[in-house]
Every structure is written in structure tokens, then in C-alpha cells.
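# Notes for the structure review
Residue strings, one per chain:
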Amino acid sequence: AQSVTQPDIHITVSEGASLELRCNYSYGATPYLFWYVQSPGQGLQLLLKYFSGDTLVQGIKGFEAEFKRSQSSFNLRKPSVHWSDAAEYFCAVGDMDTGRRALTFGSGTRLQVQP
Amino acid sequence: SQTIHQWPATLVQPVGSPLSLECTVEGTSNPNLYWYRQAAGRGLQLLFYSVGIGQISSEVPQNLSASRPQDRQFILSSKKLLLSDSGFYLCAWGQFATDTQYFGPGTRLTVL
């Protein structure tokens, strides 16, 4: 079965600094990978997704992620963080092998942005 | 464009009372539908998914149930709530071919 690990529970960065959130997955074949963001008390918003092709994926709000098969990673990056980026970020892998088509999520990384 | 609705947004219920949460999707047909629960400070746990009307699959044994009476309607129910049912419940719809899922605004359930 697939799994997702987000090793950083909580990260604090200064506004304007660069950001990298780590995600490692376990999956037998080429995975479908996703990053979602959740503001407090809100639903999840899709930031970006990787299915195939170019391993560097661009998303909304200036985020990008890079798929590295050799490292089983899909890290999320942003060159300059804004205060509005403070939220919780979830990495997920899609289940293509069965009919459930459900996502397996990591436990999330909470981002705090200092002024 | 597609829209997903959930209601109510917030709910406070006593232990032992029934539950009904509703989710509807607009702008798409025959979507996959999902119920997730997010406990405080935790990730998302898949509870149920449905690939069509009347087709429900349960991921974890519990006192919750789900139904899909119409193509774009997904209902989460319980006959008797437990304290452990408290959490943030998220409905999502998905595109079968790409696994992409889109989430509703969620329902905050507090069982007292």
C-alpha cells in the first residue's frame, strides 16, 4: 500500500524567505502526486499536481514542486514567502492500482510566517 | 465550473444523537465522491468513497454510514454519535482518470 511522509510537522520562516516543504512517498509504480493547502477552518485547496512528463511542476500562488523518482520525493518550494502563505500543507499520492481512486495524505506541515 | 457544497458548516451534537451531513456537487456528472475526517492536529482519514449511485465503500469500521441517493449527492450519517466522532468532516469529488480531488469547505462537528 502507498504511504506519504511529511517529516516536518511545523516550520517557521520569515516573510520574503524561501521555503521548501518535504514530502516522501512510497508507491510501486509512477505515482500521481499532489500538494494541497488548508487555511484554518477551511477545506483543502489544490496547489499543484504531478502525473507525468516534466518533473518540475508549477502551481498556483507561486508554488512549484519537483518530482525526484530516485529519492521518492515531491518537495514543495516557493522562492519568497508571503504572510498569507501561513497555513497547513498536505502532500498526497493517488491510488491508481485499485478502483477506489482515493488519495493517501501525509500528516501535514504547518507553516508559520514571521514578519 | 464545478462547485462542491457542504452543510451545515458547524454542528454541536450531544452524545447518542443522530447525525446527517450533506454534500452536493454541481457542474459535473458521475463524479467519484469521498468523505474524509480530520481530527484535531491530524491528517485526513478516508471514511467512505462512492463511484456511483448506491455504491458505497467503507474504509474503516465505525458507527458512521454513507449514502449516495443521487449522482451528485453524498450523505454521511450516524444513528448514535460518540465523543470520538468529533472532528472536521470534508467531502470531496474526484475525476476518475486523474485522481485529482476537489474539496468542500468542511463541517466542524463537536460531540459533547
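Let us look at the structure shown here. Each residue is numbered by its place in its chain's sequence as written, counting from 1. The order in which chains are written sets their letters, starting at A; the order in which ligands are written sets their numbers, starting at 1. Note on the predicted model: pLDDT of at least 70 is required for a residue's local features to be given, and 80 or more for side-chain atom pairs to be given and counted; whole-chain, interface and lining totals, by contrast, use all residues. Side-chain numbers here rest on the full set of heavy atoms in the structure, without hydrogens or water.

## Regarding the overall build of chain A
- Starting at the N terminus, helices and strands are each numbered in turn, a helix being any DSSP run of H or I of at least four residues and a strand any DSSP run of E of at least two. Of the regular secondary structure elements, chain A holds zero helices and 12 strands.
- The linear arrangement of helices and strands in chain A, starting from the amino end, is β-β-β-β-β-β-β-β-β-β-β-β.
- Here the globule rule is a power law, 2.2 Å times the number of residues to the power 0.38, and the radius of gyration is based on C-alpha atoms. Computed over its C-alpha atoms, the radius of gyration of chain A comes to 14 Å, within 12% of the 13 Å expected for a compact globule of 115 residues.
- Taken along the three principal axes of its C-alpha coordinates, chain A extends 45 × 30 × 25 Å.
- Remark: exposure states derive from per-residue accessible area (1.4 Å probe, protein chains only) relative to the maximum for the residue type, with buried under 20%, exposed over 50%, and partly exposed in between. Per-residue burial for chain A yields a buried fraction of 49% across its 115 residues.
- Note on contacts: a residue pair qualifies if any of its non-hydrogen atoms lie within 4.5 Å across the two residues. Contacts in chain A between residues far apart in sequence, at least 24 positions, make up 54% of those at least 6 positions apart.
- Every accessible area reported is derived by Shrake-Rupley at a probe size of 1.4 Å, with residue values counting cover from the shown protein chains alone. Just so you have it, chain A exposes about 5300 Å², and 47% of that area is on carbon and sulfur atoms.
- In chain A, which carries 10 positive and 10 negative side-chain charges, the distance between the mean positions of the two groups comes to 4 Å. Just so you know, the count uses Lys and Arg for positive and Asp and Glu for negative, and it drops His and the chain ends. In this description, the location of a charge corresponds to atom NZ of lysine, CZ of arginine, CG of aspartate or CD of glutamate.

## Re the environment of A:Ile9
Residues and elements named next belong to chain A.
- Turning to its location among the elements, Ile9 is positioned in the loop between strand E1 (3-5) and strand E2 (10-14).
- On a C-alpha basis, the gap between Ile9 and Glu66 in space is 20 Å, while along the polypeptide they are 57 residues apart.
- Residue contacts for Ile9: discarding those within four places in its chain leaves Gly108, Thr109 and Arg110.

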